[in-house]
Amino acid sequence: MAASLVFRLHDRGPKLVREVLLERGWEEYDEAEREDEDWNLYWRGSAFRNAEYHNLLPWQRLNHHPKTGGITRKDCLARNLRRMRATFGSALYDFSPVAFILPNDYTRFLSEYNKLRLTRGPLVYWICKPVDLSRGRGIFLFEDLKDLVYDCSVIVQRYISDPLLISGYKFDLRIYVCVKSFHPLTVYIHQEGLVRFATEKYNLTSLQNFYAHLTNTSINKFGPFYKTEKERVGQGCKWTMSKFRHFLHSQDINENLLWQRINNIVTLSLLTIAPSVPSCQNCVELFGFDILVDVKFKPWLLEVNCSPALTLDCQADITVKKRLISDLIDLMNYTLVDGLREKAYQRRGCKKSCFHANLPSNSSIPVFPKFKEPKFQKPSSGTQSFQTQTLPVLKTNRRFEKTNQRQHKQSSVVAYTQRLLPPVDLNKIQATRDRIITKNHRDKTLNRILGPHLRTNVTVVNRQACPAHAPRLTDNRSLLKSEVTNCDDTETEAEAVELSAETDLSSAIHDTPQRGRGFRCPAVPWKLPDIHSGRHGQERIPFEENTAHNRQHVPPLRVGDFIRTFPFNTATQRAAQQELDIKVIIQELQKLTGRLAKPDKKRRTEEEEEKKDKDGEEEFDSLLWGPKDPPLISQCFTNYR
């Protein structure tokens, strides 16, 4: 019988994750019976601590990437979108109303407020949200400035007063997005999502009626009309995305274009933080993007949640969320037996083996040796000889024991994994460091997108300056050291710490001063083996072949109902492989969206010309996320002819 995979939940939740994993044959982590590192997946609703990323072992996964608070906190998202508008133009990043962060931006907001009042156009409404609260708490709408009252940091945005309605009820879309990796950027969007309704009819004359203007389930499930039949909406306040697709079929619109515009919002939002997120391949993150569609079928980004709710309030929740978590586990690509974890525990003694089911019945489980009781000699009075007495057994500090055990375990795993790496010439590394440092002093504009205070991706510089080490830097970009800021939209404060050195080769490079504590460099730098391949003791491959293999690696098109939306063609795959080329990615997004929006004749002509240009190139295709049966992007255009 194979050893089970082990999951660890913070504060015993969420219940849905436990239920799905137990059904799949996993075991839950028990601190009293298992070693500290004896788990495969650690799931928590809030951000992980820096040390938890630093001490991550090859067989372990976390459900949050470090430093994603740049889009999940409302004020950070507003700042990042403002920066991207300034860099790439407001026409591209026009999917979110301009936000003012108060009290800092009060003067700017007052100027905009007075300008709109003087135009004598239609009435303008505003929405105010606390920057660090979720589930609709603290939100209010206002028209007159005298009604703006706040006692904490808030953002104020122009209220989208013309939303698309279904039977007179306002709604928004909860889109589930999984970022498998930020280096290279790999994004999946789930086919199923939720449509969340307000439970009273939309009415601008009653701005204080939250049941008409807010779609948060945590608010509307307590509304007086929650269980009432509401025309086409029905009981409750949720639809599945499949039911929403049926509604779209009755509308005279280009559905594929709507789905692609939502996809663009997801990709462009992730691009605002992707270059600054540390590389940590043993992490995966599920985001909840809240999208509002207006009467012109233009999608708007409301906010991004780093820990979307997994509670089951109705049948729509059960249908969507249970399948969502199951597909997310499949996307992590666990094998039936995690070989790295098994080998690590076979190589040393542990309190209780996780793999005792594989041992023969007559074999014993290894345990730590017992220590002999300490003795000391005490002289007796007079001329009597010394007598040997035994000290009473003292209760050891368990925390100190665990610290020593953890250090011993990590050093043994380091020694084991280092044998998998090719030999390194230290003289060549030192020479390479000198060349890189010289190059860094010469090049001050490596990435104009990130701005002066964010760290550039030095791994790319290393790869260019030292081709001999490129395969290791490309293939094993996940490192033990990374760091995190608070990334959920609950009541937490965002940390402002910079990423410390990413590789042992680049540790001598200091292109920006670091802030905060950062991460300690491990005593012996090492890299995570490829836990997806299932082969942990494979032969060494020549550098040239390994590099070619990396270029050809393409993430799967689909895993369950997760559709790969980025990279979606050869150009975007190349743009994401090294230092993220945001310009190329934006050009490809605009090209794809333009082709979906153009009439059939122009689209057919452009497609034929593009085929001629790409003759001889490697074929790379993706599915178009959104439709019921997602077509390949290369085929979806022919469906309109």
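What you are looking at is a predicted structure, and each value in this text was computed from that prediction instead of being measured.

1. Quick word on the pattern of salt bridges
- Under the counting rule described, the total for this entry stands at 27 salt bridges.
- For R18, the salt bridge goes to E28, with nearest N and O atoms at 3.0 Å. You can see R18 sitting in helix α1 (residues 15-23) and its partner E28 sitting in strand β2 (residues 27-28), a full 10 residues away along the chain.
- Residue class for R18 comes out buried when judged on its relative accessible area of 13%.
- The partner of R79 in a salt bridge is D75, and the shortest N-O contact between them spans 3.7 Å. Of the two residues, R79 and D75 both sit in helix α4 (residues 74-88), four residues apart, roughly one turn of that helix.
- Given a relative accessible area of 40%, R79 falls into the partly exposed group.
- Residue classification places D75 among the buried positions, given a relative accessible area of 6%.

2. Examining the pairing of strand β12 (residues 194-197)
- Residue alternation in β12 divides its side chains into two sets, L194 and R196 and V195 and F197, and both sets are buried.
- Bridge count for strand β10 (residues 169-182) against β12 is four bridges, and the pairing is antiparallel. Considered in β12, the bridge of L173 is made with V195.
- As paired elements, β12 and strand β13 (residues 238-240) share three bridges and run antiparallel to each other. Within β13, the residue paired with L194 across the bridge is T240.

3. Comments concerning the sheet that holds strand β5 (residues 99-102)
- The strand order across the open sheet formed by four strands is β5-β8-β6-β7, and the pairing between neighbours is antiparallel. For this open sheet the edge positions go to β5 and β7 (140-142), each flanked by a neighbour on one side alone. The average undirected angle you get between the axes of adjacent strands in this sheet is 25°.
- As defined by bridge partners, β5 adjoins strand β8 (residues 154-158) across four bridges and the pair is classed as antiparallel. Within the sheet, the bridge partner assigned to L102 lies in β8 and is V154.
- Packed onto the sheet, α4 meets β5, β6 (126-130) and β8 and runs at close to 130° relative to β5.
- Sitting on the sheet, helix α5 (residues 106-118) touches β5, β6, β7 and β8, and the angle it makes with β5 is about 135°.

4. Structural notes on the packing of aromatic side chains
- Taken as a whole and assessed by the stated rule, the structure comprises 19 aromatic pairs.
- Here F140 and F142 contribute two aromatic rings whose centre-to-centre distance is 6.1 Å and whose plane-to-plane angle is 40°, an arrangement assigned as tilted.
- Residue class for F142 comes out buried when judged on its relative accessible area of 1%.
- Taken together through their ring pairs, the aromatic side chains of F171, F197, W239, F244, F247, W259 and W625 make up a single cluster.
- Above the face of the Y42 ring, R8 is positioned so that its terminal group lies 4.7 Å from the ring centre.
- Positioned above the aromatic ring of Y334, the side-chain terminus of R61 is 4.3 Å from the ring centre.

5. Thoughts on the packing of helix α8 (residues 241-249) against helix α9 (residues 255-271)
- Where α8 meets α9, the axes come as close as 11 Å, and the angle between the chain directions of the two elements is 135°. Regarding the angle of α8 to α9, the classification is oblique. Facing M241, F244, R245, L248 and H249 of α8, the residues of α9 in contact are E255, L258 and W259.

6. A closer look at the sheet that holds strand β1 (residues 6-9)
- Ordered in space as β2-β1-β3-β4, the four strands form an open sheet in which the pairing is parallel. Edge positions in the sheet fall to β2 and β4 (61-62), since each has one partner strand and no second.
- Bridge count for strand β3 (residues 41-43) against β4 is two bridges, and the pairing is parallel. Each bridged residue has a counterpart across the sheet, and for L41 the counterpart in β4 is R61.
- Here α1 sits on the sheet and contacts β1, β2 and β3; the angle it forms with β1, its principal contact strand, is near 170°.

7. A look at the environment of H183
- Mapped onto the fold, H183 is located in the loop between β10 and β11 (185-190).
- By relative accessible area, H183 is classed as buried at 8%.
- On a C-alpha basis, the gap between H183 and S279 in space is 5.8 Å, while along the polypeptide they are 96 residues apart.
- At 2.4 Å, the side chain of H183 and the backbone oxygen of V277 are in polar contact.

8. What to know about the side chain of R174
- Topologically, R174 is positioned in strand β10.
- Overall, the relative accessible area of 8% leaves R174 in the buried class.
- There is a polar contact of 2.5 Å between the side chain of R174 and the side chain of D290.
- With near-sequence residues (within four places) excluded, R174 lies in contact with G193, L194, R196, M241, G288, F289, D290, N305, P308 and A309.

What counts, and where the lines are drawn
Residues numbered from 1 in each chain as written. Predicted model: local features only at pLDDT ≥ 70, side-chain atom pairs only at ≥ 80, totals over all residues. Heavy atoms only, no water. Salt bridge = Lys/Arg side-chain N within 4 Å of Asp/Glu carboxyl O. Helix = DSSP H or I, 4+ residues; strand = E, 2+ residues; numbered from the N terminus. Buried < 20%, exposed > 50% of the residue type's maximum accessible area, 1.4 Å probe, protein only. Pairing = 2+ DSSP bridges. Axes fitted to C-alpha atoms, helices over the stretch in contact; angles between N-to-C directions. Contact = heavy atoms within 4.5 Å. Phe/Tyr/Trp six-rings, centres within 6.5 Å; stacked < 30°, edge-to-face > 60°. Lys NZ or Arg CZ within 6 Å of the ring centre and 35° of its normal. Parallel < 35°, antiparallel > 145°, perpendicular 65-115°, else oblique. Polar contact = N/O pair within 3.5 Å; in protein donor to acceptor, adjacent residues only side chain to side chain.

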